[in-house]
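Per-entry structural report
Spelled out from the first residue to the last, the chains are:
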Amino acid sequence: MKKYLKLTSVFLSLLLLIASLCSCSQKREKIVDVISTASSVFINGEQNETVEASMGAFKGKQGDSIEFRFDEPQEFNTVFITEKTATVRQFNIFAEIDGEFQLIYTGKLITAENITFETVTATAFKFTVVNTEIGQNEFIIQSISAYNIEQSAE
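Sequence order as written defines the numbering, with residues in each chain counted from 1. In view of the model being predicted, local features appear only for residues whose pLDDT reaches at least 70, and side-chain atom pairs are presented and counted only at 80 or more, with totals across whole chains, interfaces and linings using the full set of residues. Excluding hydrogens and water, the side-chain values take into account all heavy atoms of the structure.

1. A closer look at the environment of Q90
Counting through the fold element by element, Q90 comes out in strand β5 (residues 88-97). On the basis of relative accessible area, Q90 is assigned to the partly exposed category, the value being 26%. Sequence separation between Q90 and L109 is 19 residues; the distance between their C-alpha atoms is 6.2 Å. Here, residues are in contact when the closest pair of their heavy atoms is within 4.5 Å. In this structure Q90 touches T106, G107, K108, T128, V129, V130 and N131, once residues within four positions along its chain are discounted. There is a polar contact of 3.1 Å between the side chain of Q90 and the side chain of N131. Helix numbering and strand numbering both begin at the N terminus, where a helix is a DSSP run of H or I of at least 4 residues and a strand a DSSP run of E of at least 2. Three labels apply to residues, based on accessible area from a 1.4 Å probe with only protein chains included: buried if under 20% of the type maximum, exposed if over 50%, partly exposed otherwise in between. Under the rule applied, a polar contact is a pair of N or O atoms within 3.5 Å (in protein, one hydrogen donor and one hydrogen acceptor; residues adjacent in sequence only if both atoms are side-chain atoms).

This is how it looks when you write it as structure tokens:
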């Protein structure tokens, strides 16, 4: 029994040592939520300075939008949206590039998955709800995050 216990301790110690050495050799990059760097937030064209809006939280009805403006151009290729109501049936994501908003993504339902697209460099990010569920015109978005995540070739 003691021999088994000693072997188990040695094995676990070696396993921990190997795991710690492997993790040291990996380069970790800090991933920043681009939305958190916005200098101003607009909901339906009106500036909003609440903490909730700065995190991408807003409620509205079909056609409403939230826009994040940046002091410096920001790169992003991944967006994650959390919806409370599950009533959004179509949405658009725009990026302001060279002073004009360009459509970079259209989605149907908001799911708990990353939305990925080609990397863009933009001075603003805009999310618009195009359609909602029939009979349910109102929605609640709990948060919007945008990141620049390097895509690794495997």
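2. Side note on the pattern of salt bridges
Here, a salt bridge means any side-chain nitrogen of Lys or Arg that lies within 4 Å of a carboxyl oxygen of Asp or Glu. Applying the stated criterion across every chain yields a total of three salt bridges. The salt bridge involving E96 is made with R69; its shortest N-O contact spans 2.7 Å. In this pair, E96 sits in strand β5 while R69 sits in strand β4 (residues 65-83), placing the two residues 27 residues apart along the sequence. By relative accessible area, which is 10% here, E96 ends up buried. A network of salt bridges, in which partner residues are shared, links E67, R69 and E96.

3. Digging into the environment of F117
As for its position among the elements, F117 is in strand β7 (residues 115-132). C-alpha separation for the pair F117 and T78, spaced 39 residues apart in sequence, amounts to 6.6 Å. With residues up to four places along the chain from it excluded, the contact list for F117 reads F76, N77, T78, V79, I104 and Y105.

4. Some thoughts on the environment of N148
Inspection of the secondary structure puts N148 in the segment after β8 (138-147). Take N148: its relative accessible area is 24%, and that puts it in the partly exposed class. Residues N148 and T121 lie 27 residues apart in sequence; the distance between their C-alpha atoms is 9.9 Å. Setting aside its immediate chain neighbours within four residues, N148 contacts E75, F76, N77 and T119. A polar side-chain atom of N148 sits 3.3 Å from a polar atom in the side chain of E75. Within the local environment of N148, its side chain forms a polar contact with the side chain of N77, the two groups lying 3.3 Å apart.

5. Digging into the packing of aromatic side chains
Two numbers describe a pair of aromatic rings. These are the distance of the centres and the angle of the planes. Each Phe, Tyr or Trp ring, with Trp reduced to its six-membered ring, pairs with another whose centre is within 6.5 Å; inter-plane angles below 30 degrees give stacked pairs, above 60 give edge-to-face pairs, and intermediate values give tilted ones. For the structure shown, the criterion picks out eight aromatic pairs. Residues F91 and Y105 carry aromatic rings whose centres are separated by 6.1 Å and whose planes lie at 35° to one another, so their mutual orientation is tilted. Separated by 14 residues along the polypeptide, F91 in strand β5 and Y105 in strand β6 (residues 100-107) bring together distant segments of the chain. Accessibility expressed as a relative area gives 1% for F91, which makes it buried. What makes Y105 partly exposed here is its relative accessible area of 27%.

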